[in-house]
Amino acid sequence: MELAQRRAAYGVLLTRAGIEYDTFSLLWARKSGSAKEDAGLQAWAAALQPFCISEEKVTSHHGLRLKGGVGTRRMFAVSPASLQVLSKAESAFDFSGLWAPEGLTFYKDGKVRYESSAHEERETYLD
């Protein structure tokens, strides 16, 4: 999929999220070892902090064990402002764990409705 198509599909996802979903999560799985990439991860955390509902330490994500052992999954409220923060990415596949957290997942009433894997360039709608 070309970048323009990814951007358009991501815009549709964010619009849909504002209508249909109530929460989303992202995973902070590791420090990259690169000061620039770690600063990017910290910037995402700071920008999303006002919308954070909870955070938990996890050893797996979507059934896969984390290579680094333990990560932090943060849950956020879907709102126009939180979606505006997410719109800074060009696609769901930007959430790869490098300069941004990974595993963008949307929920409705506690159930996964959308999940993505940037490493596999896979996204799944569970409607």
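Everything below is about the structure printed above this text.
Residues numbered from 1 in each chain as written. Predicted model: local features only at pLDDT ≥ 70, side-chain atom pairs only at ≥ 80, totals over all residues. Heavy atoms only, no water.

### Side note on the environment of Phe 95
Positionally, Phe 95 belongs in the loop between helix 3 (80-86) and strand 6 (102-108). Taking the relative accessible area as the measure of exposure, Phe 95 reaches 1% and is therefore buried. Distance from Phe 95 to Trp 28, taken between C-alpha atoms, is 10.0 Å for residues 67 residues apart in sequence. Beyond its immediate chain neighbours, meaning those up to four positions away, Phe 95 contacts Tyr 10, Leu 26, Trp 44, Leu 86, Ala 89, Ala 100, Pro 101, Glu 102, Gly 103, Leu 104 and Ala 118. (Helix = DSSP H or I, 4+ residues; strand = E, 2+ residues; numbered from the N terminus. Buried < 20%, exposed > 50% of the residue type's maximum accessible area, 1.4 Å probe, protein only. Contact = heavy atoms within 4.5 Å.)

### Description of unusual backbone geometry
Notably, Asp 109 is not glycine yet its phi reads approximately 55°, a positive angle. Within the secondary structure layout, Asp 109 lies in the loop between strand 6 and strand 7 (111-117).

### Side note on the side chain of Ser 116
Locating Ser 116 in the fold gives a position in strand 7. With relative accessibility at 2%, the residue Ser 116 sits in the buried group. Engagement of the side chain of Ser 116 in a polar contact is seen with the backbone oxygen of Leu 104, the distance being 3.0 Å. (Polar contact = N/O pair within 3.5 Å; in protein donor to acceptor, adjacent residues only side chain to side chain.)

### Observations concerning helix 1 (residues 3-20)
In a regular helix each residue adds 1.5 Å, so 18 residues correspond to 26 Å; helix 1 covers 25 Å between its end C-alpha atoms and thus fits that length. Every buried residue of helix 1 is accounted for by Arg 6, Tyr 10, Leu 13, Leu 14 and Ala 17. Around the axis of helix 1, the buried residues are gathered within 95° of arc, so they sit on the same side. For helix 1, the exposed residues lying more than 90 degrees away from the buried face are Ala 4, Val 12 and Ile 19. Residues of helix 1 that are buried in the fold lie against helix 3, strand 6, strand 7 and strand 8 (122-125). (Expected span 1.5 Å × (residues − 1). Arc of directions from axis to C-beta.)

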